[in-house]
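Observations on the model geometry
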Amino acid sequence: MEILENCSLKTFTSFGISATARYLASFEDTESLEEILYAVQQSSLKEQSTLVLGGGSNILFTQNWNGWVLKNEIAGITLQHEDPEYIYVKAGAGENWHQFTQYCIEQGWAGLENLSLIPGNVGASPMQNIGAYGVELRDVFWDLEAYHKQDKQVQTFTSTDCAFGYRESVFKNRYRDQFIILSVTFRLRKQPIFHIQYGAIREELEKMGVQDLSIRQVAQAVMNIRRSKLPDPAQIGNAGSFFKNPVVPREKFQVLKQHFPEIVGHAVDENSVKLAAGWLIESCGWKGYRKGDAGCHEKQALVLVNYGNASGKEIYDLSQEILESVLFKFGVQLEREVNII
Ligand code: FAD
Ligand code: EPU
């Protein structure tokens, strides 16, 4: 087991923020995880100061981490079993999400195509029930295994146990910081059901000249759209959408619509509407804004960016200014999606 001390985290997160971890160690399986947790116990910094890190694409360090960062590197993709309709495939939490989706697509296993090109690792995907282009993790999720830090037991969670919601799960709320996700099992379809009604997918498929639809082509269309509007963290530091799209009561939406006829919102159910936070932020004049190296992306106002040397605090302060201006103008409270440390 290698333990790094005062380790820079700059290259470990997609924001590319300068911050350090007092200790950093990687684990490849439950045994090596237990070894590290034992070392944590022996150190002066106890286990409540452990932070699990996957691909670092949904996290913002606003300060140094005066504790242990545990880097999840559990690998492996295994076909568990199949029935006439489905394939059940288990992936180690340290597998790269996008590579995993592409592997499944190559095998002809359907369900993950709309979730192509989301950065990060498999292990973090249930944390916020990742979603894109009309599909969420919960649509393909079967179960997961997670290690309880206090009880030192591995538990299995079904979809119901995970209490998935829009960018939510039990791991972000009730069980926050209690479990380390070790693996996730997905239930993928042998025969695809295409989801191409969302956003510009259909338009992009037409542009691509697609005649016979396949999961590979849907994945390609999604990747094209994503590349056209989202900044590549390898070029400009970011963590995707910084805020969630706020859900408001239908009556509130109707009032807003009277004052702001262009407002963008989609009904979630009979009683509530999900507003496009990007529209709210753009309408407050933030799109393309830059202060030092912290900014609001010029093509997607929901994405805050680090042009190079912004500190986590500068990004956070900008997010606070944005949040307050949206509240002031629209009376709508934005909630951060990114995990703030
Ligand atoms: P990390 O950032 O490493 O961790 C995120 C949180 O999960 C942290 O609190 C961490 O402690 C915890 N965690 C990580 N792994 C584990 C584990 N094994 N067990 C317990 N806790 C753990 N998200 C979407 O939903 N949809 C999108 O379309 C989308 N697009 C994005 C586009 C860009 C350009 C970027 C940069 C991000 C985007 N995101 C999107 C956000 C991000 O990709 C996802 O949230 C992703 O699941 C984060 O994975 P990660 O491994 O990088 O997590
Ligand atoms: N919009 C603007 N201005 C902007 C950005 C968006 O007016 O600067 C409006 C437009 O009307 C646009 C609408 O908002 O049509 C929706 O924009 P987009 O399709 O880009 O999606 P989003 O709602 O901004 C959400 C997710 C993304 C996910 C996409 C595609 C959240 C918080 N974000 O973004 O997820 O990739 O939909 O499904 O739900 C992430 O979570 O990190 C993330 C990138």
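Within every chain, residues take consecutive numbers counted from 1 along the sequence as written. Chain labels run from A onward and ligand labels from 1 onward, assigned in the order the entries are written. pLDDT decides what is reported in this predicted model: residues at 70 or higher carry local features, side-chain atom pairs at 80 or more are listed and counted, and totals for whole chains, interfaces and linings draw on all residues regardless. With hydrogens and water excluded, all non-hydrogen atoms of the structure serve as input to the side-chain values.

Near residues are defined by distance, with any heavy atom within 4 Å of the molecule or strand qualifying the residue. The environment of ligand 1 is formed by 33 residues, the closest being Val-52, Gly-55, Ser-57, Gly-131 and Arg-226. At 3.1 Å, a side-chain N or O of Asn-72 approaches a nitrogen atom of ligand 1. With respect to ligand 1, the backbone of Ile-181 contributes an N or O atom lying 2.8 Å from a nitrogen atom. Using a 1.4 Å probe, accessible areas were evaluated by the Shrake-Rupley method; residue-level cover was limited to the displayed protein chains. The fraction of the free accessible surface of ligand 1 (980 Å²) that becomes covered by protein chains is 94%. Side-chain atoms alone can form a polar contact between residues adjacent in sequence; in general such a contact is a pair of N or O atoms within 3.5 Å, and within protein one must be able to donate a hydrogen while the other accepts it.

Here the focus is the site of ligand 2. Neighbouring residues of ligand 2: 22 residues in total, closest Tyr-133, Tyr-166, Glu-282, Gln-300 and Glu-337. In the model, an oxygen atom of ligand 2 is placed 2.9 Å from a nitrogen or oxygen of the Asn-245 side chain. For the purposes of this entry, the term helix denotes a DSSP run of H or I that reaches at least four residues, the term strand denotes a run of E that reaches at least two, and both are numbered from the N terminus. The set of elements that each furnish at least two residues to the shell around ligand 2 consists of helix H5 (215-229), strand E13 (237-241) and helix H7 (277-283). When residue character is reported, Ala, Val, Leu, Ile, Met, Phe, Trp, Tyr, Cys and Pro are called nonpolar, Asp, Glu, Lys and Arg charged, and the others, Gly included, polar. A per-class count over the shell around ligand 2 returns ten nonpolar, five polar and seven charged. A domain split of the shell around ligand 2 shows at least three residues from each of domain 2 (77-189) and domain 3 (237-340). The split into domains, and so the bounds of each, comes from an automatic or database assignment of domains.

Between the rings of Phe, Tyr and Trp (Trp by its six-membered ring), a pair exists once the centres lie within 6.5 Å; its type follows the angle of the planes, with under 30 degrees stacked, over 60 edge-to-face, and the other angles tilted. Taken as a whole and assessed by the stated rule, the structure comprises 19 aromatic pairs. Working rule: Lys NZ or Arg CZ, within 6 Å of ring centre, within 35 degrees of ring normal, means a charge sits over the ring. Over the ring of Tyr-86 we find Arg-187, and its NZ or CZ is 3.9 Å from the ring centre. Over the face of the ring belonging to Tyr-166 we find Lys-274, whose NZ or CZ atom lies 3.6 Å from the ring centre.

What follows covers the state of the cysteines. Cysteine sulfur atoms are paired as a disulfide whenever they come within 2.5 Å of each other. Scanning the model with the defined rule gives zero disulfides in all. The structure places no disulfide on Cys-104, whose sulfur is separated from the nearest cysteine sulfur, that of Cys-162, by 18 Å. Each residue is placed in one exposure class: buried if its accessible area under a 1.4 Å probe, protein chains only, is under 20% of its type's maximum, exposed if it is over 50%, and partly exposed if it falls in between. Cys-104 gets classed as buried once you look at its relative accessible area, which sits at 0%.

All right, on to the sheet that holds strand E12 (residues 179-189) then. Pairing between strands is defined by DSSP: at least two bridges between the two strands are required. The five strands are arranged E6-E7-E12-E10-E11 in an open sheet whose pairing can be described as antiparallel. Across the chains shown, the open sheet's two edge strands, defined by having one partner strand only, are strand E6 (77-82) and strand E11 (154-158). Taken over all neighbouring pairs, the strand axes of this sheet differ in orientation by 20° on average, direction set aside. In this structure, strand E10 (residues 141-148) lies alongside E12, joined through seven bridges in antiparallel fashion. Looking at the pairing, Asp-143 lines up with Thr-185 of E12. Axis geometry follows a simple rule: fit a line to the C-alpha atoms, using only the stretch in contact for helices, then measure angles between N-to-C directions, giving values from 0 to 180 degrees.

This brings us to the environment of Gln-80. Mapped onto the elements, Gln-80 comes out in strand E6. The class of Gln-80 is partly exposed, set by a relative accessible area of 41%. Put simply, Gln-80 and Arg-187 are 107 residues apart on the chain and 9.9 Å apart in space, counted from C-alpha to C-alpha. Residues are treated as being in contact if the distance between any of their heavy atoms lies within 4.5 Å. For Gln-80, the residues in contact, after removing those within four places along its chain, are Tyr-88, Val-89, Lys-90 and Thr-185. Within polar-contact distance, the side chain of Gln-80 engages the side chain of Thr-78 at 3.3 Å.

Take the sheet that holds strand E17 (residues 290-291) next. Within a sheet, neighbouring strands are paired by backbone hydrogen bonds and run either parallel or antiparallel to one another. One open sheet holds the four strands; their spatial order is E13-E19-E18-E17, and the pairing between them is antiparallel. The sheet terminates laterally at E13 and E17, the two strands that pair on one side only. Here E13 runs beside strand E19 (residues 303-306); their pairing, made up of three bridges, is antiparallel. Bridged to Gly-237 within E19 is Asn-306.

Residues other than glycine predominantly adopt negative phi, and peptide bonds predominantly adopt the trans conformation. Even without a glycine there, the phi angle at Tyr-133 is positive, about 50°. Among the secondary structure elements, Tyr-133 is positioned in the loop between strand E8 (131-132) and strand E9 (135-136). Not every positive phi belongs to a glycine, and Arg-167 is a case in point at roughly 55°. When you line up the elements, Arg-167 lands in the loop between helix H3 (159-162) and E12. Looking at Arg-167, the relative accessible area reads 14%, which means it is buried.

Here we take up the nonpolar core. Counting 37 residues, the largest nonpolar core has Trp-97, Phe-100, Leu-112, Leu-144 and Phe-186 as its most contacted members. Elements that contribute at least two residues to this core include exactly strand E7 (86-92), helix H2 (97-107), E10, E12, helix H4 (201-207) and H5. Top element by residues in this core is E12. It accounts for five residues. If we skip the residues at most four places from it in the chain, Phe-186 touches Ile-87, Tyr-88, Val-89, Ala-91, Trp-97, Phe-100, Leu-112, Val-122, Ser-125, Leu-137, Val-140 and Trp-142. Take the buried Ala, Val, Leu, Ile, Met, Phe, Trp, Tyr and Cys residues and link them wherever side-chain atoms come within 4.5 Å; each set so joined is a nonpolar core. Core analysis: the next-biggest nonpolar cluster, separate from the first, contains 32 residues, Ile-17, Leu-275, Ala-301 and Ile-322 among them.

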